[in-house]
Amino acid sequence: MGVPERWWPDGPAELAAVQAELGARSPAPWRPPADRPIRIGGCFCCFPRGVEGFGERGDPLWVAAVTYEDRRRIASAVRGDRARAPYVAGLLAMREGPALAAAVSELSVLPDVLLVNATGRDHPRAAGLAYHLGAALDLPTVGVTHRPLLATGDWPADEAGAAGTLTLAGAPVGAWVRTRAGRRPLVAHAGWRTDPGTAVEVVRQATGTARTPVPLREARRLARRARALR
DNA sequence: GCGACAG
DNA sequence: ATCTTGTCGC
C-alpha cells in the first residue's frame, strides 16, 4: 500500500490537505465483473466497551477484515491497534485509517470491492474514509453508514431494494438503500472508483437476511470477538 | 452566535 | 463508536 505516512498523516491540517488532494481526483470507474463471482470484502473497527464520546489518541481498538465470494468467507484478518486521534467528524481517517488499512493488507485474498463503515464522496473535501482507504490500498470501495455526513435526499419506499439518491452540492454522492423492509434504510456511499449506482448494487448483492451487508457484519463480529478475548 | 456533525 | 431504556413483533 505504499508509504503509510503519505496516506495517514498525524495532524488535522495535514490530513485535510491529503483529503483535498485525493478528493480532487477522478479515478477510473470500477464496475462489477459480470462473468465471474464478485469478491466483496468488509472491514470494521471497534473500541472498548464503556468508553463513550469522542475518545483520544492512543485508545486501544480492534479491527477485522474479511473477503467473501458467493456466500462464503474465503479470507479474514484480525488485529489489535491504537487510535491515532479522537473522533472528529470529517477526520475519521485520522482515528481509524491506519488500523483498517493494516487489517485489509493482511488478507490472503483481496476482494474486488471493499465495504467500509464510513462515508465516501459525501464529505467536506469529497474524501471520506471509505474513499480515502480505497485510494491508499488501490482497491475499489463502497461506504456504508447509518446516515449521511453532508448529503441530503429523501428516504426510499419501504420495500427491500428501494433506493433514493443523496446529493451534495448538486452532485450524486450516494443513496439511501432499504436493505430490509420495515427497517431504517442505510446509506450506500460512492467510494474509491465507485459511483452511487455501483455502491447500491454492491450493497444489495452483499446483503443477506440482516439489514447490514454480510461482509460488514462478519468483520464487526470478528473485531468484537477479538475485543472480548481482550 | 448556534446547531449539526461518518465512527 | 458504545450505552440505556422502552416498545413492538414473531
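Residues numbered from 1 in each chain as written. Chains lettered and ligands numbered in written order. Predicted model: local features only at pLDDT ≥ 70, side-chain atom pairs only at ≥ 80, totals over all residues. Heavy atoms only, no water.

For chain A, an unreviewed UniProt entry supplies the name Deoxyribonuclease V and the organism Actinopolymorpha cephalotaxi. You can read under Subcellular location (unreviewed entry) in the UniProt record for chain A the words "Cytoplasm". (UniProt positions renumbered as here; feature names shortened; annotations may be inferred.)

1. Description of the protein's contact with DNA strand C
Around DNA strand C sit F44, C46, F47, P48, R49, G50, G53, N117, R224 and R227, and those are all the residues in its vicinity. R49 is positioned with one of its side-chain polar atoms (N or O) 2.5 Å from a phosphate oxygen of DNA strand C. Between DNA strand C and the protein, one listed contact pairs a phosphate oxygen with a backbone N or O atom of G50 at 3.3 Å. When the residues that make up the surface near DNA strand C are grouped by side-chain class, the tally is 4 nonpolar, 3 polar and 3 charged. (Near = heavy atom within 4 Å. Polar contact = N/O pair within 3.5 Å; in protein donor to acceptor, adjacent residues only side chain to side chain. Nonpolar A, V, L, I, M, F, W, Y, C, P; charged D, E, K, R; others polar.)

2. Thoughts on the sheet that holds strand β2 (residues 60-69)
With mixed pairing, 8 strands are arranged side by side in an open sheet as β3-β2-β1-β4-β5-β8-β7-β6. Each having just a single partner strand, β3 (72-82) and β6 (163-168) make up the two edges of the open sheet. The sheet shows a mean angle of 25° between the axes of neighbouring strands, direction not considered. Packed on one face of the sheet, helix α3 (residues 92-105) meets β1 (39-46), β2, β3 and β4 (113-116) and runs near 45° to β2. Those strands touched by helix α6 (residues 214-228) are β1, β2, β3, β4 and β5 (141-145), and its axis lies near 145° from that of β2. (Pairing = 2+ DSSP bridges. Helix = DSSP H or I, 4+ residues; strand = E, 2+ residues; numbered from the N terminus. Axes fitted to C-alpha atoms, helices over the stretch in contact; angles between N-to-C directions. Contact = heavy atoms within 4.5 Å.)

3. Comments concerning the packing of α3 against helix α4 (residues 129-137)
Interhelical geometry of α3 versus α4 gives an angle of 45° and a closest axis separation of 10 Å. Considering the angle they form, α3 stands oblique to α4. Crossing handedness for the pair α3 and α4: right-handed. On α4, the residues that touch L92, A93, E96, G97, L100, A101, V104 and S105 of α3 are L129, H132, L133 and L137. (Parallel < 35°, antiparallel > 145°, perpendicular 65-115°, else oblique. Left-handed = near helix turned anticlockwise from the far one by under 90°.)

4. Notes on helix α2 (residues 12-23)
With 12 residues, α2 extends 16 Å from end C-alpha to end C-alpha; this agrees with the ideal 16 Å at 1.5 Å per step. All of the buried residues in α2 are L15, V18, Q19, L22 and G23. Looking straight down α2, one finds its buried side chains confined to an arc of 125°; they lie on one side. (Expected span 1.5 Å × (residues − 1). Buried < 20%, exposed > 50% of the residue type's maximum accessible area, 1.4 Å probe, protein only. Arc of directions from axis to C-beta.)

5. So, the protein's contact with DNA strand B
The local shell around DNA strand B holds 18 residues, among which Y87, G90, T119, L129 and R147 are the closest. A breakdown of the atoms of DNA strand B within 4 Å of the protein gives sugar and phosphate a share of 49%. Between a phosphate oxygen of DNA strand B and a main-chain N or O atom of H146, the distance comes to 3.1 Å. A breakdown of the residues in the surface near DNA strand B according to their chemical character gives 8 nonpolar, 8 polar and 2 charged.

6. Some words on α4
When you tally the buried positions in α4, you get 9 out of 9 residues, the bulk of the element. For α4, the set of buried residues is L129, A130, Y131, H132, L133, G134, A135, A136 and L137. Just downstream of α4 lies D138, where phi reads positive at about 55°.

7. Describing the packing of aromatic side chains
Counted by the stated rule, this structure contains 3 aromatic pairs. Aromatic side chains F54 and Y87 sit 6.4 Å apart centroid to centroid with 15° between the ring planes, which places their arrangement in the stacked category. One end of the pair, F54, is in the loop between β1 and β2; the other, Y87, is in the loop between β3 and α3, and 33 residues separate them in sequence. Residue classification places Y87 among the partly exposed residues on the basis of a relative accessible area of 34%. (Phe/Tyr/Trp six-rings, centres within 6.5 Å; stacked < 30°, edge-to-face > 60°.)

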